Amino acid sequence: MQIERRLDELGFVLPEQAQAPPGFEFSFEWVRVRGNRLYVSGHSPQRPDGSLAGPFGAVPSDISLDAATDAARDTALAVLAGVRRAIGDLDRISAWLTVAGSVNADHGFTQTTTVVNGFSDLILQVFGPEIGAHARSAIGVAALPMNNAVVVSAEIEIDG
């Protein structure tokens, strides 16, 4: 449980299972385990109880660059929580392979990479470069589900 100890040392708390807002249903698996691969559905920031944390809206008209970057960091915590529920122990992660970040962006916003760095930086801080380094995309989109500012998915390799 080295990874969870590291998260504790950094003062991070993993949220509970994501809770759908009223009138919305999640009809997919948050983390699909297939052999030694994890396919992680798009996550967004969550409060400790699993409810959506926001911020909500477009970057930078509704949400500042800094707030969006913090939201990407908090999204990493939501992903880690989902992965822990799927495989039981975050120490089983042997490599972060790919990360795909989408940012609810105003037309012409070109700093999506900076926003998604919030996610990548936390993963690297917690796992180190040997396990945490990953390929990545960071794109701006016109809208995201439930008006989230950031949604991130990933592919991860685990030890048997």
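Residues numbered from 1 in each chain as written. Predicted model: local features only at pLDDT ≥ 70, side-chain atom pairs only at ≥ 80, totals over all residues. Heavy atoms only, no water.

Caption draft 1: Seen up close, the environment of phenylalanine 127. In this structure, phenylalanine 127 sits in helix H3 (residues 112–132). Take phenylalanine 127: its relative accessible area is 9%, and that puts it in the buried class. With 33 residues separating them in the primary sequence, phenylalanine 127 and serine 94 have C-alpha atoms 9.4 Å apart. Non-local contacts of phenylalanine 127, meaning those with residues more than four positions away in its chain, are made with Ile3, Leu80, Leu90, Ile93, Trp96 and Gly132. (Helix = DSSP H or I, 4+ residues; strand = E, 2+ residues; numbered from the N terminus. Buried < 20%, exposed > 50% of the residue type's maximum accessible area, 1.4 Å probe, protein only. Contact = heavy atoms within 4.5 Å.)

Caption draft 2: How the structure looks around the pairing of strand E5 (residues 150–158). Among the 9 residues that make up E5, 7 are buried, leaving the element largely enclosed by the rest of the structure. Examined bridge by bridge, strand E2 (residues 37–43) and E5 share 5 bridges and lie antiparallel to one another. Paired with arginine 37 across the two strands is glutamate 157, which belongs to E5. As defined by bridge partners, strand E3 (residues 93–104) adjoins E5 across 9 bridges and the pair is classed as antiparallel. Its bridge partner being in E5, alanine 100 is matched across the sheet by serine 153. (Pairing = 2+ DSSP bridges.)

Caption draft 3: Looking closely at the sheet that holds strand E1 (residues 31–34). Sheet architecture is open: 5 strands sit in the order E1-E2-E5-E3-E4, paired in mixed fashion. Pairing within the sheet leaves two strands with one partner each, and these edge strands are E1 and strand E4 (135–141). Here the average twist between neighbouring strands, direction ignored, is 10 degrees. Contacts between H3 and the sheet are confined to E3, E4 and E5, with E3 contributing the most and set at about 175 degrees to the helix. (Axes fitted to C-alpha atoms, helices over the stretch in contact; angles between N-to-C directions.)

Caption draft 4: Local environment of H3. Between its first and last C-alpha atoms H3 spans 20 Å; for 21 residues at 1.5 Å apiece the expected length is 30 Å, and the helix comes up short by more than 12%. At valine 126, H3 is deflected by roughly 90 degrees, the largest bend along its length, and proline proline 129 occurs up to four residues later in sequence. Buried within H3 are the following residues: Thr112, Val115, Val116, Gly118, Phe119, Ser120, Leu122, Ile123, Val126, Phe127, Gly128 and Gly132. Of the surrounding elements, those touching the buried residues of H3 are helix H1 (2–9), helix H2 (65–87), E3, E4 and E5. (Expected span 1.5 Å × (residues − 1). Bend = angle between axes of the 7 residues up to and from the residue.)

Caption draft 5: Unusual backbone geometry, seen in detail. Going from glycine 54 to proline 55, the amide bond is cis rather than trans, its omega being 10 degrees. With omega at 0 degrees, the peptide bond leading from valine 59 into proline 60 counts as cis. As for its position among the elements, proline 60 is in the loop between E2 and H2. The backbone phi angle of methionine 146 is positive, close to 55 degrees, even though this residue is not glycine.

Caption draft 6: Structural view of the packing of aromatic side chains. Applying the stated criterion to the full structure yields 6 aromatic pairs. Ring geometry for tryptophan 96 versus phenylalanine 119: centroids 6.2 Å apart, planes at 75 degrees, classification edge-to-face. Of the two residues, tryptophan 96 sits in strand E3 while phenylalanine 119 sits in helix H3, which places them 23 residues apart along the sequence. For the residue pair tryptophan 96 and phenylalanine 119, the accessibility class agrees, reading buried in each case. Geometrically, the ring pair formed by tryptophan 96 and phenylalanine 127 is edge-to-face, given 5.7 Å between the ring centres and 65 degrees between the ring planes. Of this pair, tryptophan 96 sits in strand E3 while phenylalanine 127 sits in helix H3, and the two are 31 residues apart along the sequence. The exposure classification of tryptophan 96 matches that of phenylalanine 127, with both residues buried. (Phe/Tyr/Trp six-rings, centres within 6.5 Å; stacked < 30°, edge-to-face > 60°.)

So, to be careful, I would describe these as geometric facts and stop short of saying anything about function.
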